[in-house]
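Residue-level listing of the chains:
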Protein chains: 2
Amino acid sequence: MVGLLRSHDINPTHQRIEIAYVLFSRQEHLSADQVMALVNTHHSETSKATVYNTLKLFVEKGLVRELIVDPSKVFYDPNTHPHHHLYEINTGKLSDIGAEYMQVSGLPPLPAGTVIEGIDLIVRVRRAS
Amino acid sequence: MVGLLRSHDINPTHQRIEIAYVLFSRQEHLSADQVMALVNTHHSETSKATVYNTLKLFVEKGLVRELIVDPSKVFYDPNTHPHHHLYEINTGKLSDIGAEYMQVSGLPPLPAGTVIEGIDLIVRVRRAS
DNA sequence: GTATTGATTTGGACTTTGTCTAATGTCTGG
DNA sequence: CCAGACATTAGACAAAGTCCAAATCAATAC
Ligand SMILES: [Mn+2]
Ligand SMILES: [Mn+2]
Ligand SMILES: [Zn+2]
Ligand SMILES: [Zn+2]
């Protein structure tokens, strides 16, 4: 974990190690709140401010990917390889779609002076009624 | 406007007509807050609760499309034809990408008992530094 | 008209997610 | 040990959205 943080130019503090561990030891998409809860399961030791600060830092440094998929909360994805997402509207469950299952082709003319930050492809499904 | 609402099985009340008018008379992507402001520019007559209720109703009835693209607010799109979106991270500006510019191919195996609600493709761009 | 009644709207309290700030704590090189 | 930079923290704050009980409205029935 320490090496992973260092390799992304992140000073590995105790809190950052704990948060990284929570994210990388499972391969789930977690919200800030979930990270907060998991990191403080045993004994409370990381504040809300630090969780938010740290997640933002991780995103900036490219260690995790931010997913905007649910109208009420951001998810953090420890998998930064290209892949897509499937979101179950009813349950809020978010899962990966391997890049091999779906491809995106073409690119629109970008506004002058802008560069692509990322392309998000989200399949929204609903439990059949 | 009344006909449009009726054709989507929506009882055309004064407030709903005003809100639909705000959305359809311009072809922009508006947030609930913006709809609220626009509908009440002249004289205040529609409450926050009604704006939220009505937008939700419009989405349910398929009159407008909900766009989850910005971590802090939902946008509503009067264009329900298939198309994609380009989001400028810095400015928060959201614009359309015609379906002819980008194609999505393939479909993942869906979880049993679910059906596709929609596929969202978002190109995120950042002003080049 | 007037009454009835279901649908709609409303103010305002409330919740949730996230941000901000000023104070405090930690670490390191000299 | 000390200075300074960096990191963490509690808690106040803000913004988006939800909820609810009360009021209003609109349509039909007499
Ligand atoms: Mn610990
Ligand atoms: Mn008016
Ligand atoms: Zn993922
Ligand atoms: Zn659009």
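Residues numbered from 1 in each chain as written. Chains lettered and ligands numbered in written order. Predicted model: local features only at pLDDT ≥ 70, side-chain atom pairs only at ≥ 80, totals over all residues. Heavy atoms only, no water.

1. Here we look at the pattern of salt bridges
Applicable threshold: Salt bridges are defined as contacts in which a side-chain nitrogen from Lys or Arg sits within 4 Å of a carboxyl oxygen from Asp or Glu. Segments assigned H or I by DSSP are reported as helices when at least four residues long, segments assigned E as strands when at least two residues long, and all are numbered from the N terminus. Categorising residues by exposure relies on relative accessible area from a 1.4 Å probe, with only protein chains included: less than 20% of the type maximum marks a residue as buried, more than 50% marks it as exposed, and the intermediate range marks it as partly exposed.
Tallying each qualifying case throughout the model produces 10 salt bridges over all chains. Between B:D120 and A:R124 there is a salt bridge, and its shortest N-O distance comes to 2.9 Å. Separated into two different chains, B:D120 in strand β7 (residues 114-127) and A:R124 in strand β7 (residues 114-127) make up a pair that spans both. Residue B:D120 is classed as buried on the basis of its relative accessible area of 8%. Two residues, B:E88 and B:R127, come together in a salt bridge whose shortest N-O distance is 3.3 Å. Of the two residues, B:E88 is situated in strand β4 (residues 83-88) and B:R127 in strand β7; the sequence distance between them amounts to 39 residues. For B:E88, a relative accessible area of 7% gives the class buried. Its relative accessible area of 40% is what places B:R127 among the partly exposed residues. Through salt bridges with shared partners, a single ionic network connects A:R65, A:D120 and B:R124.

2. Quick notes on a nonpolar patch on the surface
Residues and elements named next belong to chain A. Where we set the bar: Patch membership requires over 30% relative accessible area and the absence of a salt bridge. Like charges are linked within 9 Å, and nonpolar side chains (Val, Leu, Ile, Met, Phe, Trp, Tyr) within 5 Å. Shrake-Rupley sampling with a 1.4 Å probe provides the accessible areas, and residues are treated as covered by the protein chains on show and by no other component.
A surface patch of nonpolar side chains, about 210 Å² in accessible area, is lined by L107, I116 and I119. Inspection of the secondary structure puts I119 in strand β7. Classification of I119 as partly exposed rests on a relative accessible area of 31%.

3. A word on the domain arrangement of chain A
Residues and elements named next belong to chain A. The criterion, for reference: Segment limits for the domains were obtained from an automatic or database-derived domain assignment. Note on contacts: a residue pair qualifies if any of its non-hydrogen atoms lie within 4.5 Å across the two residues. Using a 1.4 Å probe, buried area is obtained as the accessible area two parts lose upon being combined, added over both of them.
According to the domain assignment, chain A consists of domain 1 (2-77) and domain 2 (83-125). For domain 1 and domain 2, the distance between their C-alpha centroids amounts to 22 Å. Taken together, the contact between domain 1 and domain 2 spans 9 residues of the former and 11 residues of the latter. Both sides of the domain 1 and domain 2 interface together cover about 820 Å² of buried area, and 48% of this is carbon and sulfur.

4. Structural notes on the coordination of the zinc ion (ligand 4)
All names here are of chain B. Note the threshold: Donors, by definition, are the N, O and S atoms found within 2.8 Å of a metal, the threshold being 3.2 Å for Na, K and Ca, and water is not counted, so a site can look incomplete.
Every protein donor of the zinc ion (ligand 4) is accounted for by H29 (NE2), D77 (OD), H83 (NE2), H85 (NE2) and D96 (OD), and the metal-donor separations fall at 1.9 to 2.3 Å. Counting along the primary sequence, the residues that act as donors to the zinc ion (ligand 4) give the motif H-x47-D-x5-H-x1-H-x10-D. Across the pair, H85 and D77 agree in class, each one buried.

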